[in-house]
Amino acid sequence: MSDRPQVQDATGRLGVLLPGFGAVATTFVAGVEAVRLGLTRPIGSLTQMNTIRLGKRTESRTPLIKDFISLSSLKDLVFGAWDPIPENGYASAKTAGVLEGRHLDPIRGFLEGIEPMSAVFDKEYVRRLDGTNVKVGATKRDLAEQLRTDIRRFKKDHGCERLVMIWCGSTEIFLRPGVAHGSLEALEAAMEANDPAIAPSMLYAYAAIMEGVPYANGAPNLSADTRGLEAAAEERGVPIAGKDFKTGQTLIKTILAPGLKARMLGIDGWFSTNILGNRDGEVLDDPDSFKTKEESKLGVLQHLLQPELYPELYGDLYHKVRINYYPPRGDNKEGWDNIDIVGWMGYPMQIKVDFLCRDSILAAPIVLDLALFLDLAARAGLSGIQEWLSFYFKSPQSAEGLYPEHDLFIQHRKLKNTLRWLGGEEPLTHLGLDY
Ligand SMILES: NC(=O)c1ccc[n+]([C@@H]2O[C@H](COP(=O)([O-])OP(=O)(O)OC[C@H]3O[C@@H](n4cnc5c(N)ncnc54)[C@H](O)[C@@H]3O)[C@@H](O)[C@H]2O)c1
């Protein structure tokens, strides 16, 4: 095992920077403020509600994670955002329609106080959106430098000791990693040349990494998921994580599929369809943005079920994912899954799931946990891809040559064992031979 790092204490203010101040970001910020005021509870957040077992079962040591390891307290968080749509936090939360007036009105002044900074935005990459609050620059390099200036100014103006950045912006069109993303030098040259391979989300990731700010990507677009930025993060001692928050249907998928696999039940088909009517749904109505999301959602079962090891059980699995924009539903998505499973002697069975979920309600605690855990990683001197945060993502970034781990339960064990290791405790093996 590598040497245990020294974790510095989480003193002072932590600035949480959010490119994209729409449904997820405003639900997150509003929830944190409501918790701070004692108006609600942080349900869904491991950093706030989960305990961690330490040592043997006989020792009865199960503190809250936040009492075990030094994490920033909610009262020390300050928020900043960028968005091409110039709505303050209150107006944007109203537009998103996730939270009700009874939750927004008591914190109206707080939310109105967060005005998004002008964004690096290009309609070529998010075709269904128009924005007026947009930076102007001769080159993409110049735009990235403007973001770096914003970051420094925010830190100074708000007296922050440290910062983290979580991309909560729209899903950009599908791009494949190419030559322009292979190294930091190639990326910078492509930025100078206004190469179309460089999307706005990459400029935010670049700006964060160059400023030493940990970066996570909540959407499925590439952003920091390129060799060039991964290497830059590694070299500069900056933790990064991604991508695509694991919330509704994929969360359920990564809960069910490991269970079926654990019982060695076969799966012939998995059909997933959704209706949703929020702005995210509208953006995903563009086939090129949907393609980015589809790739992210489809990878899950392939990695999880290991058809190469179990060809008889999963070799012919037909997996289909659809997202349909349907405005009447707003942020309250409905996701249906039909799973055709196979049991003893090949007898077929079916499982039907109808999940009436609230996307941003599921995503908000993930943003909080990522902000606090990425900051922890930075204080522990960890750098590059933080695989232990795969738990939160649909398409976990992994080191070159390693397949990503999608099984929610393995991800959860890895997250907690990493915390134990950082906190000077032994990882749990669940061997139990010494009882
Ligand atoms: N809600 C979930 O459960 C969930 C789960 C996984 C991933 N996501 C992803 O998270 C992202 C946010 O989701 P949402 O529901 O809040 O969407 P949203 O449309 O409400 O908010 C996205 C915001 O990003 C802004 N934006 C677009 N391009 C930008 C840029 N270049 N710079 C700064 N801001 C930009 C948009 O103007 C918009 O306000 C989406 O990419 C979505 O796919 C959401």
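Throughout, residues of each chain are indexed from 1 in the direction in which the sequence is written. Whole-chain, interface and lining totals are the exception, using all residues; otherwise, since this is a predicted model, local features are given only for residues with pLDDT of at least 70 and side-chain atom pairs are given and counted only at 80 or more.

Chemist: Go over the overall build of the protein, please, and point to the residues and values.
Modeler: Counting its secondary structure elements, the protein contains 16 helices and 10 strands. Only C-alpha atoms enter the radius of gyration, while the globule expectation follows 2.2 Å times N to the 0.38, with N the number of residues. Radius of gyration (C-alpha) of the protein: 21 Å, near the 22 Å computed for a compact globule of 435 residues. In terms of overall dimensions, the protein has C-alpha extents of about 65 × 50 × 50 Å along its principal axes. Residues classed as buried in the protein amount to 47% of the 435 residues present. A helix here means a DSSP run of H or I that spans at least four residues, while a strand means a run of E at least two residues long, and both kinds are numbered starting from the N terminus. Three exposure classes are used. Buried residues have 20 or more other C-beta atoms within 10 Å of their own C-beta, exposed residues have 12 or fewer, and partly exposed residues fall in between, all C-beta atoms being placed from the backbone.

Chemist: Residues and numbers for the site of the ligand, please.
Modeler: The criterion for a residue being near a molecule or strand is simple: its C-beta atom, placed using the backbone, must lie within 6 Å of it. Near the ligand there are 37 residues, and of these Gly20, Gly22, Ala219, Arg279 and Asp359 occur at the shortest range. Residue assignment for the shell around the ligand shows that the elements contributing at least two residues are helix H1 (23-36), helix H12 (279-284) and helix H15 (359-379). Element by element, the count of residues in the shell around the ligand is highest for H15, at four residues. Taken together, the residues that form the shell around the ligand break down as 21 nonpolar, 11 polar and five charged. Residue ranges for the domains originate in an automatic or database domain assignment. Looking at which domains feed residues into the shell around the ligand, each of domain 1 (13-245 + 361-422) and domain 2 (249-357) supplies at least three. Note on residue categories: nonpolar means Ala, Val, Leu, Ile, Met, Phe, Trp, Tyr, Cys or Pro, charged means Asp, Glu, Lys or Arg, and polar means any other residue, Gly included.

Chemist: Report on the sheet that holds strand E1 (residues 13-19), specifying residues and quantitative values.
Modeler: Pairing within the open sheet is parallel, and its six strands lie in the order E2-E1-E3-E4-E5-E10. The open sheet terminates on both sides in strands that have one partner only, identified here as strand E2 (77-82) and strand E10 (384-385). Looking at chain direction, E1 and E2 are connected through six bridges and run parallel. Looking across to E2, one finds that Leu14 is bridged to Leu77. Once C-beta atoms are placed from the backbone, any two residues with those atoms within 7 Å are in contact. Angles here are taken between N-to-C directions and fall from 0 to 180 degrees, while the axes themselves are lines fitted to C-alpha atoms, restricted in helices to the stretch in contact. Along the sheet, helix H7 (residues 140-157) makes contact with E1, E2 and strand E3 (160-167), crossing E1 at roughly 145°. Between any two strands, at least two bridges found by DSSP are needed for them to pair.

Chemist: For the sheet that holds strand E8 (residues 332-342), give the residues involved together with the corresponding values.
Modeler: An order of E7-E6-E8-E9 is seen for the four strands of this open sheet, with the pairing classed as mixed. At either end of the open sheet lies a strand with only one pairing partner, and these are strand E7 (318-325) and strand E9 (348-358). When strand polarity is set aside, the average angle formed by the axes of neighbouring strands in this sheet is 10°. Pairing of strand E6 (residues 266-276) with E7 involves eight bridges; the strand directions are parallel. Counted as the bridge partner of Ile275 is Asn324 from E7. Strands E6, E8 and E9 of the sheet are contacted by helix H11 (residues 249-262), whose axis makes an angle of about 20° with E8.

Chemist: Quick one: what's the story with unusual backbone geometry, residue by residue and with numbers?
Modeler: In this model, Gly242 is joined to Lys243 through a cis peptide bond whose omega is -15°. Unlike most non-glycine residues, Asp244 shows phi in positive territory, near 75°. The topology assignment puts Asp244 in the loop between strand E5 (239-242) and H11. With a phi close to 50°, Gln306 is a non-glycine residue in the positive phi region. Secondary-structure assignment places Gln306 in the loop between helix H13 (287-305) and helix H14 (311-314).

Chemist: Mind laying out the packing of H1 against H15, listing which residues take part and the relevant values?
Modeler: Following both chains from N to C, one finds H1 and H15 inclined at 65°, their axes separated by 8 Å at the closest point. Here H15 runs roughly perpendicular to H1, going by the angle between their axes. Like other packed secondary-structure pairs, H1 and H15 cross with a definite hand, here right-handed. Together, Ala23, Val24, Thr27, Phe28, Gly31 and Val32 of H1 and Ser360, Ile361, Ala363, Ala364, Val367 and Leu368 of H15 make up the contact between the two elements. Here the residues of the contact of H1 with H15 sort into nine nonpolar, three polar and no charged. Should an angle fall under 35 degrees it is taken as roughly parallel, and over 145 as roughly antiparallel, whereas 65 to 115 is taken as roughly perpendicular and any remaining angle as oblique. The hand of a helix crossing depends on one turn: near helix anticlockwise from the far one by less than a right angle means left-handed, and clockwise means right-handed.

Chemist: Kindly report on the nonpolar core, identifying the contributing residues and their values.
Modeler: In this description, a nonpolar core means buried residues of the types Ala, Val, Leu, Ile, Met, Phe, Trp, Tyr and Cys, linked to one another by C-beta atoms lying within 7 Å. With 107 residues, the main nonpolar core has Ile166, Leu203, Tyr206, Ile209, Val367 and Leu370 as its most contacted residues. When residues in this core are grouped by element, the largest group, 14 residues, is from H15. Mapping this core onto the domain boundaries places at least three of its residues in each of domain 1 (13-245 + 361-422) and domain 2 (249-357). Filtering out sequence-adjacent residues up to four positions away, Leu203 remains in contact with Val120, Lys140, Leu143, Ala144, Leu147 and Ile198. By size, the runner-up hydrophobic cluster in this structure holds 11 residues, among which are Leu260, Leu301, Leu305 and Leu313.

Chemist: Describe the domain arrangement of the protein, and please don't skip the residues or the numbers.
Modeler: Domain assignment breaks the protein into domain 1 (13-245 + 361-422) and domain 2 (249-357). Taking the mean C-alpha position of each, domain 1 and domain 2 sit 25 Å from one another. On the side of domain 2, 28 residues touch domain 1, which itself brings 26 residues to the contact. By residue class, the composition of the side of domain 1 that touches domain 2 is 13 nonpolar, seven polar and six charged.

Chemist: Provide a residue-level description of the packing of H1 against helix H4 (residues 89-96), including the pertinent values.
Modeler: For the pair H1 and H4, the least separation of the axes is 9 Å and the interaxial angle reads 120°. When the axes of H1 and H4 are compared, the pair comes out oblique. When you trace H1 past H4, the crossing you get is left-handed. Within the contact between the two elements, H1 uses Ala23, Thr26, Val29 and Ala30 and H4 uses Gly89, Ser92, Ala93 and Ala96. In the contact of H1 with H4, the residues fall into five nonpolar, three polar and no charged.

Chemist: With reference to specific residues and values, describe H15.
Modeler: An α-helix turns once every 3.6 residues. As a result, residues three or four positions apart point the same way. An expected span of 1.5 Å times one less than the residue number is assigned to each helix. Taking 1.5 Å of rise per residue, 21 residues should cover 30 Å, and H15 covers 31 Å from first to last C-alpha, within 8% of that figure. For H15, the tally of buried residues reaches 20 of 21 residues, placing the bulk of the element in the interior. Note on H15: the residue one or two positions beyond its end, Gly381, has a positive phi of about 75°.

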